[in-house]
Protein chains: 2
Amino acid sequence: MTTYQLPPICILGLGLIGGSLMRDLTISNERVFGYTMHGARAAQRDGFDVSDNMEEVLRRAEADNALIVVAVPMAAVASVLDQVASFAPTCDITDVVSVKERVYDLIVERDMQGRYVGGHPMAGTEFSGWSASHEGLFEGAAWAVTYDYAREGLADDHWAALFTTVCRLASVVGAEAVPVRVSLHDESVARVSHLPHVIAEALSLVGDRGGTLAQSLSAGSFRGATRVASTEPELVRNMCETNADSLVPVLDEFIELLQAARASLADDPASMKQLAESGNRAYLRMAARKGARRESVSPVKISSRPVMRVHPGAPGWVRQLEQVESLGGRVEVF
Amino acid sequence: MTTYQLPPICILGLGLIGGSLMRDLTISNERVFGYTMHGARAAQRDGFDVSDNMEEVLRRAEADNALIVVAVPMAAVASVLDQVASFAPTCDITDVVSVKERVYDLIVERDMQGRYVGGHPMAGTEFSGWSASHEGLFEGAAWAVTYDYAREGLADDHWAALFTTVCRLASVVGAEAVPVRVSLHDESVARVSHLPHVIAEALSLVGDRGGTLAQSLSAGSFRGATRVASTEPELVRNMCETNADSLVPVLDEFIELLQAARASLADDPASMKQLAESGNRAYLRMAARKGARRESVSPVKISSRPVMRVHPGAPGWVRQLEQVESLGGRVEVF
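The structure contained in this document is the topic of the report that follows.

So, how was this worked out
- Residues numbered from 1 in each chain as written.
- Chains lettered and ligands numbered in written order.
- Predicted model: local features only at pLDDT ≥ 70, side-chain atom pairs only at ≥ 80, totals over all residues.
- Heavy atoms only, no water.
- Helix = DSSP H or I, 4+ residues; strand = E, 2+ residues; numbered from the N terminus.
- Rg over C-alpha atoms; globule rule 2.2 N^0.38 Å.
- Buried < 20%, exposed > 50% of the residue type's maximum accessible area, 1.4 Å probe, protein only.
- Contact = heavy atoms within 4.5 Å.
- Areas by Shrake-Rupley, 256 points an atom, 1.4 Å probe, with all protein chains shown as cover.
- Lys, Arg positive; Asp, Glu negative; His and termini not counted.
- Charge placed at Lys NZ, Arg CZ, Asp CG, Glu CD.
- Pairing = 2+ DSSP bridges.
- Axes fitted to C-alpha atoms, helices over the stretch in contact; angles between N-to-C directions.
- Salt bridge = Lys/Arg side-chain N within 4 Å of Asp/Glu carboxyl O.
- Least-squares fit on C-alpha atoms with pLDDT ≥ 70 in both.
- Parallel < 35°, antiparallel > 145°, perpendicular 65-115°, else oblique.
- Left-handed = near helix turned anticlockwise from the far one by under 90°.
- Nonpolar A, V, L, I, M, F, W, Y, C, P; charged D, E, K, R; others polar.
- Phe/Tyr/Trp six-rings, centres within 6.5 Å; stacked < 30°, edge-to-face > 60°.
- Lys NZ or Arg CZ within 6 Å of the ring centre and 35° of its normal.
- Polar contact = N/O pair within 3.5 Å; in protein donor to acceptor, adjacent residues only side chain to side chain.

**Points about the overall build of chain A**
Stage number 1. Tallying secondary structure elements over chain A gives 14 helices and 10 strands in all.
Stage number 2. Computed over its C-alpha atoms, the radius of gyration of chain A comes to 21 Å, within 12% of the 20 Å expected for a compact globule of 334 residues.
Stage number 3. With respect to the principal axes defined by its C-alpha atoms, chain A has extents near 75 × 45 × 45 Å.
Stage number 4. Looking at chain A as a whole, 57% of its 334 residues qualify as buried.
Stage number 5. Restricting the contact set of chain A to residue pairs at least 6 apart, pairs at least 24 apart contribute 70%.
Stage number 6. Carbon and sulfur atoms form 48% of the exposed surface of chain A, whose accessible area is close to 13,900 Å².
Stage number 7. Of the charged side chains in chain A, 31 are positive and 42 negative, and the gap between their average positions amounts to 6 Å.

Laid out in structure tokens, this is it:
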């Protein structure tokens, strides 16, 4: 008899993230089916249980008591949630959308908080769509799991069990569940994901203006900072525009640092002392926190994230999540 | 009897670049010796012909009619050239310094143009010093080779032969000689190397302000754009400050793009259409020019730089170099 670690999983949207999730759940012998607007044929040909009929898929999710994973772009989330309300009115819901505050607003508008735990796997490549999806995408990645509902003291046993399931979902595909409230999530990803995307686009333009010669002379530093500019513009817009409230102040911080550097480089004598030294110190602090040990000879991949074992619903568990959040740590649920 | 492709090579300064050059020349059975202020003992222990006595090394270069490679930081170039003038007054000179205009000014001040061809291998890592040097660093890298003296119509047979030697030096260590005049070099590297360093420092600061949580959620885009912030601040300052004249206008271009994106992201509705689409187009243009073919199944590494075979000193050779330069191409000398 097969034992499953998870309830049936119904994925709505089978692009890079949704598709890779379906592949990983399949090789872990979990029950998984899904809906996709584009690429259903390709996914079926690859042997997956996929339909392009949203209503049918949602009715099946309701009948199977499946966990619904919303994996569509932000712009489509509202309409998907409306259909979930119509055709799968009792299913639990999670998502993998790159911003969490806007999704949560839509959840609250529909009074779905009691059956929703937000998620965001910090994984991706510069490619998109089902054809780009692949096994192992989430290995070692952080998987942000939101817990605002519990922080507000509203979580009942059902919600605690759902939180457990979402953490397990991350774990089954090799990711690490990092608890985080929606507002902190959005500010953090503005800093470490959306700003780098803005930078990649702008740097590509500046490099391109240098023509073939400049590209011929470019090396690792340029490649590293521009790689994600190959991402579909629609996807970049989606991430950055939907998180504009958090991204604009972060962009202001960045521009201010560049302007200060510009001023001191234009001085006589030119200086970049301040930025070079403080930037390097910041880098070293981050590396120390990450505990990236080049000299490690252990063949076992050790996570650099501190771990806390948490029993969702047990006394004090929300305070535990707050502690883990402040450390950027991961939870293991039991 | 051993045949050498190159004259004896005397490297002054054995950090990452100078040290790696010494290692590669050694495994290619070329004659190479050098001077270094730091790490001479370590290099000797590793079996290399290294001294910390500059005068001695230069007198030997003069006796051996060696090609001198100046591989010290920009700040030390003037004093090194003065010592070359004193102790190796007839030796030919090249260099591997990351800016070319300032070096050329010092060369002209000392009336050394007739025996100088500038160079700059576009290779490096975030590490520095002899201990970071290693074989193979230059494999496939562009090696900028300057030719202003020839553009001014001043090149005699001696200079043409020196140009040939410097291109061969690049080739012996696996690099590709890309001809470029000093001013274009400095503008190009400001775009594709020095600006990415400035960005890496500033982005590290913005990421660090997000604390452990932000780092825990960071992934490839952040890592790619901050990696070079681990470079010694002194080296970053050296590159950026000595190229400030070219870097400041490039930084202005970049800041202007960010400010426009900031404004349209702060609009209602937030938009990043312009930057996302133009940045992606720029990226795709660059990728097309580079001809990076993911689908290639050939085991032979094919350079993406167009090649032109040039016989330095032959009629029309300078025009050929100008053509190659405009394409970011490489020259093969014969």
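**A look at the sheet that holds strand β7 (residues 142-145) of chain B**
Residues and elements named next belong to chain B.
Stage number 1. If you walk across this open sheet you meet the three strands as β6-β7-β8, and the pairing is mixed. The open sheet has two edge strands with one neighbour each: β6 (119-121) and β8 (176-179). In this sheet, neighbouring strand axes are inclined to one another by 25 degrees on average, regardless of whether the strands run parallel or antiparallel.
Stage number 2. Of the pairings in the sheet, the one linking β6 to β7 comprises three bridges and is antiparallel in character. Following the sheet pairing, G119 is matched in β7 by V145.

**Looking at the pattern of salt bridges**
Stage number 1. One pass over the structure, following the stated rule, counts 42 salt bridges over all chains.
Stage number 2. For R237 of chain A, the salt bridge identified is with E234 of chain A, shortest N-O distance 3.9 Å. Of this pair, R237 of chain A and E234 of chain A both sit in helix α11 (residues 233-242), three residues apart, which is roughly one turn of the helix.
Stage number 3. A salt bridge links R309 of chain B to E332 of chain B, with the shortest nitrogen-to-oxygen separation between them at 3.7 Å. One end of the pair, R309 of chain B, is in strand β9 (residues 307-310); the other, E332 of chain B, is in strand β10 (residues 330-333), with 23 residues separating them in the sequence.
Stage number 4. E332 of chain B gets classed as partly exposed once you look at its relative accessible area, which sits at 36%.

**Quick word on the relation of the copies chain A and chain B**
Stage number 1. For the pair chain A and chain B, the best superposition has an RMSD of 0.0 Å and corresponds to a rotation of 180 degrees with a translation of 0.0 Å parallel to the axis. When the rotation and shift are considered jointly, the pair of chain copies conforms to a two-fold rotation axis.
Stage number 2. Interface residue correspondence from chain A to chain B reaches 100%, placing this contact among same-surface, isologous pairings.

**Quick look at the packing of helix α3 (residues 54-64) of chain B against helix α4 (residues 74-87) of chain B**
Residues and elements named next belong to chain B.
Stage number 1. The N-to-C vectors of α3 and α4 enclose an angle of 50 degrees; their axes lie 9 Å apart at closest approach. One element, α3, and the other, α4, form an angle in the oblique class. As α3 runs across α4, the sense of the crossing is right-handed. Each of M54, E55, L58, R59 and E62 in α3 lies in contact with α4, whose residues at this interface are V80, Q83, V84 and F87.
Stage number 2. Across the contact of α3 with α4, the residue classes break down as five nonpolar, one polar and three charged.

**Some remarks on the packing of aromatic side chains**
Stage number 1. Under the definition given, this model contains 14 aromatic pairs over all chains.
Stage number 2. Each residue in the set Y149, W159, F163 and W317 of chain A is aromatic and connected to the rest through ring pairs, giving one cluster.
Stage number 3. Between the NZ or CZ atom of R31 of chain A and the centre of the ring of Y4 of chain A, over which it lies, the distance is 3.8 Å.
Stage number 4. Between the NZ or CZ atom of R60 of chain B and the centre of the ring of F33 of chain B, over which it lies, the distance is 3.9 Å.

**Quick look at the sheet that holds strand β2 (residues 32-35) of chain A**
Residues and elements named next belong to chain A.
Stage number 1. Spatial ordering of the open sheet is given by β3-β2-β1-β4-β5, a layout of five strands whose pairing is parallel. Each edge of the sheet is formed by a strand with only one pairing partner; in this case those strands are β3 (50-51) and β5 (92-95).
Stage number 2. One ladder, built from four bridges, connects strand β1 (residues 9-12) with strand β4 (residues 67-70); its direction is parallel. Opposite C10, over in β4, you have I68 as the bridge partner.
Stage number 3. Across the face of the sheet, helix α3 (residues 54-64) comes into contact with β1, β2, β3 and β4 while running at roughly 150 degrees to β2.
Stage number 4. Helix α7 (residues 157-172) contacts β1, β4 and β5 of the sheet and is inclined by roughly 40 degrees relative to β5.

**What to know about the environment of S278 of chain A**
Stage number 1. Relative to the helices and strands, S278 of chain A is located in helix α13 (residues 273-290).
Stage number 2. A polar side-chain atom of S278 of chain A sits 2.8 Å from the main-chain carbonyl oxygen of Q274 of chain A.

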